[in-house]
Amino acid sequence: MLLIPCPWCGHRDESEFTCGGEAHIQRPPDPAALDDAEWADYVFMRTNPKGRHRERWCHSHGCGRWFNVERHTVTHDIVAVYRMGETPPDDGDVDGS
Amino acid sequence: MTSQPFRLPDGGAIDRARPVSFSFNGELLTGFSGDTLASALLANGVHLVGRSFKYHRPRGILSAGTEEPNALVQLESGNRSVPNLKATRIELYEGLTATSVNCWPSVRFDAGAVIDVAHRLVPAGFYYKTFMWPHGGWHFYERAIRRMAGMGRAPTGRDPDRYERMNAHCDVLVVGAGPAGMAAAQAAGRDGARVILADERSQPGGSLLNMAANESGTEPGWSSGVTAELESMKNVRVLSRTTVTGYFDHNFLIALEQVTDHLGPDAPARLPRQRLWRIRAGRVVLATGALERPLVFANNDRPGVMLAGAARAYVNRFAVLPGRRAVVVTNNDSAYEAALELHVRGVAVAAIVDHRGRPDGRAVRGAEEAGLEVMPGHAVVDTNGRRRVRAAAVARIDGDGAIAGPTRTLACDLILMSGGWSPAAHLFSQSGGRLRYHAALEAFLPDHPRQSVRCAGAINGAADTTACMREGRSAGLDGSAAPEAASASPTPPAQRQVFARHRAGEARAFVDFQNDVTAADITLAAREGYESVEHLKRYTTLGMGTDQGKTGNVPGLAILAGTLGEAVPAVGTTTFRPPYEPVTFGAIAGRDIGALADPVRRTPMHAWHEAAGAVFEDVGQWKRPFYYPQPGENKRAAVARESLAVRNAVGIMDVTTLGKILICGSDSVEFLNRVYTNAWDSLAVGRCRYGLMLGEDGMVLDDGVTAHLSPNQFLMTTTTGNAARVLAWLEDWLQTEWPDLNVYLASVTEQFATMALAGPGARQVLVGLVDDIDVAPAAFPFMAWRTGRVAGLPARVFRISYSGEVAYEISVPARHGMDLWTAVLQQRSGYEVTPFGTEAMHVLRAEKGYPMIGQETDGTVTPLDLGMQWILSSKKDFLGRRSLRRSAMLASSRKRLVGLKTEDPEAVVPEGAQILPTPPSGPPETMIGHVTSSYWSATLRRSIALALVIGGRDREFHTVHIPLDHGTLRAEICDPRFYDPEGIRLHG
């Protein structure tokens, strides 16, 4: 079970959180302008890297806030945690964005 | 009672002043306090303790610990009974009762043993090969095979014992309290760290407990001194009888503490039987030791064949002689120490048979000096005896392990074997650490850790106590120093002779004792192409028993490697998974059972429903009245009465459970426009509107009515089951995608009690309850809401309807819920108000053709499928809108909502039934849809159903066929609005 540092509450057990999947997928500003493939890419397609991955997590059984986690999908090391709207730590090795 | 003929007159860590009587297979026996069931049985000369899983062969006690594959017993009877416990791990208590598993009628005369005679008919993979015919036949055979294969019996009644769960945090968790673990805990404790030391035994000491005092390599009293010091330190917690069974991510570990198992039924009631520890550790020190391996030779499974180290434990710790005349067979030095200690305590050692051609070293010379016969370059190639070993056949072997000389028979009642030691690296592997193969030790050792974990002692291959303690101290302190290389260990490593290949395919040489996997099974599997260890394991069941192959796995791998002509590391090892030791369901469940298993949510009117005899339905965690049967009524009669009351008079329903979300902020309208499919700009204060929510995939997520309370304030309702999910969904969008919107959400579901008053008499009933709300249709139209006093209570009244009748939903602060409910029932309008439950509501809405979330929708249904184009705004974007334009969403092959009328009006179709366009003609059938809702409609005096059917309303008036278990129903596709399709009654 992961130990996740919530940026608002500190370290808490994974069971208090909900994972929202890949981070930094922006909703297209004008969906009507997209063709089927482009829209499907936004709705359905996600990266599934073996390595560092940026994800959204929500402290659903705590403060209720969403935030971003950069996690290594093999070792489960949590490399970085940052709030919504904050710039992710600059690192070219991330596979998930 | 017997006199414990195999108990030594002195020595051992048992309390001779406290004899303990117990029963095994109905026989009354005596042991001493401090015994395990296994040691007490051996003291009484009982070696035949069980039958093997597949062949029902007689089996004895192989080990003295957690690795035991054979000696499985059913402990106690009745509801406290536990199946398949290892006799080597059960501490003896007064009155203990145990029976053998896997045998009938008794362990001595087991009818299942005929399988052993016919063993050639049941090779590896037998079940997979044989019981697959006819198709689906496995389900038939499985019951018989399970009964035959036995193992213990799970109790059927409720477990009377209490179990607990504990959460703990520490700086250093030390697993294993042998010399390495004790040294680690001592060093970390002195350093001021918060330490937990967990060990599966009743007291610290580990292997020291099994050694003769002069052999331990520690100063006298070291173990008890360290134990006392640890117990005196406030920052150290010693958990004995606690097995760490799982090592998960971020140094989270699970341990099972057997708090009162050793006390039996006399345990004090204030204590739980077991306690599951959930430990988060800063650092972990694994000092889990090593497990001795058996040697693989023909008939190596007879009672009386035992691991050499186990015999040492029985002699030294329990003062029990496991036999009178022993043959020792080994491929390493450690068995020599066992042989010497047994010799000193009076066991005749017939010979020490050593696979190695030129054994040398201190232990070997010691044995020779003591006059023991050493047979280098020899192996045990077969054994004799039925319920107890009576002789060992010994022969010279060549460098490849093949027999190279005549066999010589040595009479004995005990064969001690040592095939080397496997580090107990299970937890290290579970933690994600990599193992490396050490050729000289023929063992997988911990290599690269993935988490903050250090290994110390025999788990690293260290063989003497001093080295173990040194490693422990280092690991406990800072965890930075590298473990001493295993090759630096002063004990000469074993030679590679794990498996001597004699008469392969003839007599059976067992590798996995519990699952009856032989060397021949492994070579057969390899020949059949199961060359990967993971495939081999599943095909032969090697290592899949309750012991998880703690003794047999590495010999099995060596045999596979030998068959394939590869090296052991090339073959690799199977993945170690939790749990290291079986954990009871009781401990996992802890206190989360019965009423505590899941919270129960009750509305403020629950007590009334209960008193009225309501049958309840679980909707999420809520208890909702399903229907209110009157005396003599069944479900159908009650639901018919309730639904007719709503159609003809007036009914009342508790709808408190519907989710309520308060939406505040200056961008609330914009927010609603984005999450609902319809437009919200024009909704005036005092009005409400039905809304439909989609996921971004265009599928229906939820629906409900939202009221405009005041400028910048809305009250949204959701379905009961989706309330939390919808709130989370809305929060997600607000926080992550639209942080610029000035909108705030709050759940107010439990703040209000709500009841729906529905039926042609609803207005007249309400008139009698209000004085400051004008309920005239013109003043209070459909889809409006008003505030005022109802029965003198502050209320909001919403004129909305899910039944198709005139209806009002009245919300009051939750504390007034019961008062309002009883006031409505007692009003004197001339109408009798009938309480109705969720099932009548389901019928009423189905009569109107209203789809229900979770009934007509299942995450694959769009508003177009439901015929709800009318609710899709064309003037704005909303979540999921673009998906509705995807070509697949518009395809004619999609299922769409229709009504169904059965040809026989009395026949109610089961929900979920498949719909065919033509009468069934045998599989494969063409299925065009399925029934989503189906009821008896008392109003229409016939059955009605809703269905999702390819082509939808284009098939109206067509006859379809619904095959059921007994015959096929014919039905006609129709308009789903069965009743009042124009909606006149709604406005009445």
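Predicted model, so just to flag it, every value in this text is computed and none were measured.

Caption draft 1: Quick look at the pairing of strand S33 (residues 688-694) of chain B. Residue and element names in this part refer to chain B. Within S33, five of the seven residues are buried, which leaves the element mostly enclosed by the surrounding structure. Judged from the seven bridges that link them, S33 and strand S34 (residues 700-710) form a sheet pairing that is antiparallel. Residue pairing for S34: Gly691 is matched across the bridge by Gly704. Connecting S33 to the antiparallel partner S34 that follows it, the hairpin turn spans five residues, and Gly698 within it adopts a positive phi of roughly 85°.

Caption draft 2: Representation of the packing of aromatic side chains within the structure. Residues and elements named next belong to chain B. Inspection of the entire model under this criterion finds 19 aromatic pairs over all chains. On the numbers, 5.9 Å between centres and 35° between planes, the contact of Tyr314 with Phe318 is tilted. Of this pair, Tyr314 and Phe318 both sit in helix H7 (residues 308-318), four residues apart, roughly one helical turn. The buried category is assigned to Tyr314, whose relative accessible area is 1%. For Phe318, a relative accessible area of 3% puts it in the buried group. Note on Tyr802 and Tyr850: the rings are 5.9 Å apart at their centroids and 10° apart in plane angle, and the pair reads as stacked. Within this pair, whereas Tyr802 is found in the loop between strand S39 (793-798) and strand S40 (807-813), its partner Tyr850 is found in the loop between helix H23 (838-847) and helix H24 (881-884), the two being separated by 48 residues in sequence. The exposure class of Tyr802 is partly exposed, given its relative accessible area of 30%. The exposure class assigned to Tyr850 is partly exposed, which follows from its relative accessible area of 23%. Each member of the aromatic cluster is reached from another via a ring pair, and the members are Phe671, Trp729, Trp733 and Trp738. Of note, Arg636 hangs over the ring of Trp936, and the distance from its end group to the ring centre comes to 4.0 Å. The cationic tip of Arg674 hangs over the ring face of Trp738; the distance from NZ or CZ to the ring centre is 5.0 Å.

Caption draft 3: Quick look at the domain arrangement of chain B. Its domain assignment divides chain B into domain 1 (15-126), domain 2 (161-292 + 421-492), domain 3 (294-419), domain 4 (496-579), domain 5 (615-657 + 751-844) and domain 6 (659-747). Between the C-alpha centres of domain 1 of chain B and domain 6 of chain B there is a distance of 64 Å.

Caption draft 4: Quick look at the sheet that holds strand S35 (residues 713-718) of chain B. Residue and element names in this part refer to chain B. Pairing is antiparallel in the open sheet, where five strands are placed in the order S33-S34-S35-S32-S36. Each edge of the sheet is formed by a strand with only one pairing partner; in this case those strands are S33 and strand S36 (744-747). Taking the axes of each pair of neighbouring strands and ignoring which way they run, one obtains an average angle of 30° across the sheet. Judged from the four bridges that link them, strand S32 (residues 659-664) and S36 form a sheet pairing that is antiparallel. Counted as the bridge partner of Ile663 is Leu745 from S36.

Caption draft 5: Structural detail: the interface of chain B and chain A. Across the boundary between the two partners, chain B contributes 24 residues, which contact 26 residues of chain A. Surface buried jointly by chain B and chain A totals about 2,200 Å² across both partners, of which 45% is contributed by carbon and sulfur atoms. The largest share of the area that chain B buries against chain A comes from His250, Gln735 and Arg882 of chain B, three residues that together contribute 30% of it. Summed over the shared surface of chain B and chain A, the result is five salt bridges. The residue Asp36 of chain A makes a salt bridge to Arg882 of chain B at a minimum N-O spacing of 2.7 Å. Inspection of the region where chain B meets chain A yields 18 residue pairs in polar contact (both at pLDDT 80 or more). Looking at the side of chain B that touches chain A, the elements that each hand over two or more residues are strand S13 (274-286), helix H20 (723-737) and H24 of chain B. Looking at the side of chain B that touches chain A element by element, the count peaks at six residues for H20 of chain B. For the side of chain B that touches chain A, the per-class residue count stands at five nonpolar, six polar and 13 charged.

Cut-offs used in this document
Residues numbered from 1 in each chain as written. Chains lettered and ligands numbered in written order. Predicted model: local features only at pLDDT ≥ 70, side-chain atom pairs only at ≥ 80, totals over all residues. Heavy atoms only, no water. Buried < 20%, exposed > 50% of the residue type's maximum accessible area, 1.4 Å probe, protein only. Helix = DSSP H or I, 4+ residues; strand = E, 2+ residues; numbered from the N terminus. Pairing = 2+ DSSP bridges. Phe/Tyr/Trp six-rings, centres within 6.5 Å; stacked < 30°, edge-to-face > 60°. Lys NZ or Arg CZ within 6 Å of the ring centre and 35° of its normal. Domains from an automatic or database assignment. Axes fitted to C-alpha atoms, helices over the stretch in contact; angles between N-to-C directions. Contact = heavy atoms within 4.5 Å. Buried area = accessible area lost by both parts, 1.4 Å probe. Salt bridge = Lys/Arg side-chain N within 4 Å of Asp/Glu carboxyl O. Polar contact = N/O pair within 3.5 Å; in protein donor to acceptor, adjacent residues only side chain to side chain. Nonpolar A, V, L, I, M, F, W, Y, C, P; charged D, E, K, R; others polar.

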